[in-house]
Amino acid sequence: DAGITQSPRYKITETGRQVTLMCHQTWSHSYMFWYRQDLGHGLRLIYYSAAADITDKGEVPDGYVVSRSKTENFPLTLESATRSQTSVYFCASSEAGDGPNGETQYFGPGTRLLVL
Amino acid sequence: DAKTTQPPSMDCAEGRAANLPCNHSTISGNEYVYWYRQIHSQGPQYIIHGLKNNETNEMASLIITEDRKSSTLILPHATLRDTAVYYCIVRALSSGGGADGLTFGKGTHLIIQP
């Protein structure tokens, strides 16, 4: 049972380059989320998706693009990376539906991104 | 989502019960209490949730006071691997059966001592 996986786990890139972080879940959860975690800010929501082809902005979406052509995948793209996007990125999923169980989120292991 | 207050850090001896408090005095009747934890360098991990009754699962127990203004997460026999930051989150269900992003505060850094 793979659960939710992220790749790459570590990435070093340069300012201005395009970077794509991958997220894959095997539970067929409807909802998927991207967060970033920085010292002093905790986790902040970047984008989320309610289903394939449905995405919406979170708290800090600027500089990021997402897509969701398949339920199980939710890639996050930094179109032109900046130093301020150096962070740890976490993907999460939830099955949604009625009740609190559906809103429990399950997180991946994270991707550590360094933008030079 | 209601505001929560947690102590910044706590120590507990290995093998003893770890009791982590959370104050949420402004909680509304439809808001649930969720607990997550984050072990160093890993993603947050769901632990347990409850509305007003006490809850127990294989990881922990959740005790919610009768007025629901505070709760305690109990790890019955703490191990070194339980050293982590523990987050108490209070939130209502999303409208329309959807799911909103979680808001994590600073949490409690629990250190299990050998």
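Residues numbered from 1 in each chain as written. Chains lettered and ligands numbered in written order. Predicted model: local features only at pLDDT ≥ 70, side-chain atom pairs only at ≥ 80, totals over all residues. Heavy atoms only, no water.

(A) Region of the structure containing the side chain of T77(A). Residue and element names in this part refer to chain A. Considering the arrangement of structural elements, one finds T77 in strand β8 (residues 76-78). The exposure class of T77 is buried, given its relative accessible area of 15%. At 3.0 Å, the side chain of T77 forms a polar contact with the side chain of T20. Non-local contacts of T77, meaning those with residues more than four positions away in its chain, are made with Q18, V19, T20, G63, Y64 and V65. (Helix = DSSP H or I, 4+ residues; strand = E, 2+ residues; numbered from the N terminus. Buried < 20%, exposed > 50% of the residue type's maximum accessible area, 1.4 Å probe, protein only. Polar contact = N/O pair within 3.5 Å; in protein donor to acceptor, adjacent residues only side chain to side chain. Contact = heavy atoms within 4.5 Å.)

(B) How the structure looks around the layout of surface pockets. There is about 670 Å³ of room inside the largest pocket. Lining the largest pocket are 23 residues, and of these Q37(A), D38(A), L39(A), Q38(B) and Y87(B) sit closest to its centre. Within the residue set of the lining of the largest pocket, elements represented by two or more residues are β4 (31-38) and β9 (87-94) of chain A together with β8 (84-92) of chain B. Ranked by residue count, the leading element in the lining of the largest pocket is β8(B), at three residues. Taken together, the residues of the lining of the largest pocket break down into eight nonpolar, twelve polar and three charged. (1 Å grid on protein atoms, 1.4 Å probe; cavity = no way out; pocket = protein on both sides within 12 Å on 5 of 7 lines; lining within 4 Å. Points joined across faces, edges and corners; volume = space filled by probe spheres on them. Nonpolar A, V, L, I, M, F, W, Y, C, P; charged D, E, K, R; others polar.)

(C) Region of interest: the packing of aromatic side chains. Applying the stated rule across the entire model yields 13 aromatic pairs over all chains. Measuring from centroid to centroid gives 6.2 Å for Y106(A) and Y46(B), while their planes differ by 65°, and the two rings are edge-to-face. Of this pair, Y106(A) sits in strand β10 (residues 106-107) while Y46(B) sits in strand β4 (residues 45-50), each in a different chain. A residue is classified by how much of its surface remains accessible, and Y46(B), at 18% relative accessible area, is buried. On the basis of an interplanar angle of 90° and a centroid distance of 5.0 Å, the ring pair of Y87(B) and F104(B) is categorised as edge-to-face. Of this pair, Y87(B) sits in strand β8 while F104(B) sits in the loop between β8 and β9 (108-113); the two residues are 17 residues apart in sequence, bridging distant segments of the chain. An aromatic cluster is present here, built from W27(A), Y31(A), F33(A), Y35(A), Y48(A), Y106(A), F107(A), Y36(B), Y46(B), Y87(B) and F104(B) joined pairwise through their rings. (Phe/Tyr/Trp six-rings, centres within 6.5 Å; stacked < 30°, edge-to-face > 60°.)

(D) Representation of the interface of chain A and chain B. Taken together, the contact between chain A and chain B spans 23 residues of the former and 22 residues of the latter. Across the chain A-chain B interface, the total number found is zero salt bridges. Here chain A and chain B share four residue pairs in polar contact (both at pLDDT 80 or more) between them. Of all the elements, β4(A) adds the most residues to the side of chain A that touches chain B, at four residues. Partitioning the side of chain A that touches chain B into residue classes produces twelve nonpolar, eight polar and three charged. (Salt bridge = Lys/Arg side-chain N within 4 Å of Asp/Glu carboxyl O.)

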